Amino acid sequence: NALKLSSFHNGRTRVVSFKKAFHGRTSLAVEATDNPKIIAPINECGHVTYLPLNDIEAMKAELAKGDVCAVIIEGIQGVGGIQLPTGEFMRALRRACTEHNTVLILDEIQSGYGRSGKFFAHQHHGIKADIITVAKGIGNGFPMAGVLISPMFAPIHGQLGTTFGGNHLACSAALAVLDVMEQESLVENAAKVGAYLQQELKKMPQIKDVRGLGLMIGLEFEAPIKELRLRLLKEQHVFTGVSGTNVIRLLPPLCLSLKEADIFLERLRRVLE
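None of the values given here were measured: they were computed from a predicted structure. (Residues numbered from 1 in each chain as written. Predicted model: local features only at pLDDT ≥ 70, side-chain atom pairs only at ≥ 80, totals over all residues. Heavy atoms only, no water.)

## Considerations on the pattern of salt bridges
Working step 1: Inspection of the entire model under this criterion finds 12 salt bridges.
Working step 2: A salt bridge links Glu62 to Arg14; its shortest N-O distance comes to 2.7 Å. With Glu62 in helix H3 (residues 56-63) and Arg14 in strand E1 (residues 14-18), this pair connects stretches of sequence that are 48 residues apart.
Working step 3: Its relative accessible area of 12% is what places Arg14 among the buried residues.
Working step 4: We note a salt bridge from Glu200 to Arg269, for which the minimum N-O separation is 3.9 Å. Here Arg269 lies in helix H8 (residues 258-272) and Glu200 lies in helix H6 (residues 186-201), a separation of 69 residues in the sequence. (Salt bridge = Lys/Arg side-chain N within 4 Å of Asp/Glu carboxyl O. Helix = DSSP H or I, 4+ residues; strand = E, 2+ residues; numbered from the N terminus. Buried < 20%, exposed > 50% of the residue type's maximum accessible area, 1.4 Å probe, protein only.)

## Some words on the packing of aromatic side chains
Two aromatic rings, taken as a pair, are described by how far apart their centres are and by the angle between their planes.
Working step 1: Tallied over the entire structure, the rule returns 3 aromatic pairs.
Working step 2: On the numbers, 5.6 Å between centres and 85° between planes, the contact of Phe18 with Phe89 is edge-to-face. Taken together, the residues Phe18 in strand E1 and Phe89 in helix H4 (residues 87-99) connect sequence positions 71 residues apart.
Working step 3: Owing to a relative accessible area of 1%, Phe18 belongs among the buried residues under this scheme.
Working step 4: Overall, Phe89 belongs to the buried group, its relative accessible area being 0%. (Phe/Tyr/Trp six-rings, centres within 6.5 Å; stacked < 30°, edge-to-face > 60°.)

## As for the sheet that holds strand E6 (residues 146-149)
Working step 1: Pairing is mixed in the open sheet, where 6 strands are placed in the order E2-E1-E3-E4-E5-E6. The sheet terminates laterally at strand E2 (48-51) and E6, the two strands that pair on one side only. Shown here is a sheet whose adjacent strand axes are inclined to one another by a mean of 20°, direction ignored.
Working step 2: Examined bridge by bridge, E1 and E2 share 4 bridges and lie parallel to one another. Paired with Ser17 across the bridge in E2 is Tyr50. (Pairing = 2+ DSSP bridges. Axes fitted to C-alpha atoms, helices over the stretch in contact; angles between N-to-C directions.)

## Points about the packing of H6 against H8
Between two packed helices, what matters for the description is the angle formed by their axes and the separation of those axes.
Working step 1: Put simply, H6 and H8 touch, their axes get as near as 10 Å, and they point 25° apart. Classified by the angle between their axes, H6 and H8 sit roughly parallel to one another. Between H6 and H8 the crossing geometry is right-handed. Mapping the contact onto sequence places Lys192, Val193, Tyr196, Leu197, Glu200 and Leu201 in H6 and Leu258, Ala261, Asp262, Phe264, Leu265, Leu268 and Arg269 in H8. (Parallel < 35°, antiparallel > 145°, perpendicular 65-115°, else oblique. Left-handed = near helix turned anticlockwise from the far one by under 90°. Contact = heavy atoms within 4.5 Å.)

## What to know about the environment of Gly24
Working step 1: Within the secondary structure, Gly24 sits in the loop between E1 and helix H2 (27-31).
Working step 2: Taking C-alpha positions, Gly24 is 9.9 Å from Ile109, a pair spaced 85 residues apart along the chain.
Working step 3: Excluding residues that lie within four positions of it along the chain, Gly24 makes contacts with Ala29, Val30 and Thr33.

## A closer look at the sheet that holds strand E7 (residues 209-213)
Working step 1: Overall, antiparallel pairing links the 4 strands, which are arranged E7-E8-E10-E9 in an open sheet. The sheet is open, and its two edges are formed by E7 and strand E9 (241-243), each paired on a single side. Between one strand axis and the next, the sheet turns through 25° on average, direction left out of account.
Working step 2: Across 4 bridges, strand E8 (residues 216-220) lies against strand E10 (residues 247-250) in antiparallel orientation. Residue pairing for E10: Ile217 is matched across the bridge by Leu250.

## Thoughts on the nonpolar core
Nonpolar side chains tend to gather and get buried jointly when the protein is soluble and globular.
Working step 1: Core analysis: the largest hydrophobic core is formed by 54 residues, its most contacted members being Leu197, Leu201 and Leu219.
Working step 2: In this view, Leu219 contacts Leu201, Ile207, Asp209, Val210, Asn246, Val247, Ile248, Leu250 and Leu268; residues no more than four positions away in its chain are not counted.
Working step 3: Membership of the second largest hydrophobic core comes to 11 residues, among which are Val15, Ala32, Ile131 and Met152. (Core = buried A, V, L, I, M, F, W, Y, C linked by side-chain atoms within 4.5 Å.)

Here's what the structure looks like:
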């Protein structure tokens, strides 16, 4: 563990992120986000190397250089178009990070908290992270975020401080969310309804590709989907997300029922036909 932590002080100045990654818009987080349009010159410091997602050999070669202190990866890329890391890649990444004394950070802000049909998306691959970031679903709309940190990082009193950290109201909201998720089996529901949605969506020939896990689903089309989304909204009263020009993002509530899923499917068919 001491060796692991010393990696931050032995000239390791780089972070590995991935193509199409989104990790936020503040400070170093924006530098790890693969979008030059939102990286201000003051944040463009050359700390981050972007690699192709699921390219095991490129990842191994980069970590073997010995100057990477951390790898950050989304459980499922959201803004990037619902791109899934493969189980083979994630397990190889975990082994490589351990071998090269590199910290593995899982950004589960969009893909965590039951969204994928497991509590965290990386749990589908049977690995453990060293740091996990959480937000969005943690408070069910109440603004809250958190960081889960491995015991290998020894806490030091006074090391961390924040104006709104440990907010009692936010913590109460987060505990209430966990209670409801457990009582209503929302993680299991996300897995069941998500699998059903993907099964039915894959039957629609107008959709080029359907990908995702649980209730985090991407629909890729050959043509831009601006007009399609507008018709869904105006004519069918269905609001959808978007990624780029050709991908619709579906991120419904984890309590979505099979009946409600059928309503969406029928309205989507009307517009597609």
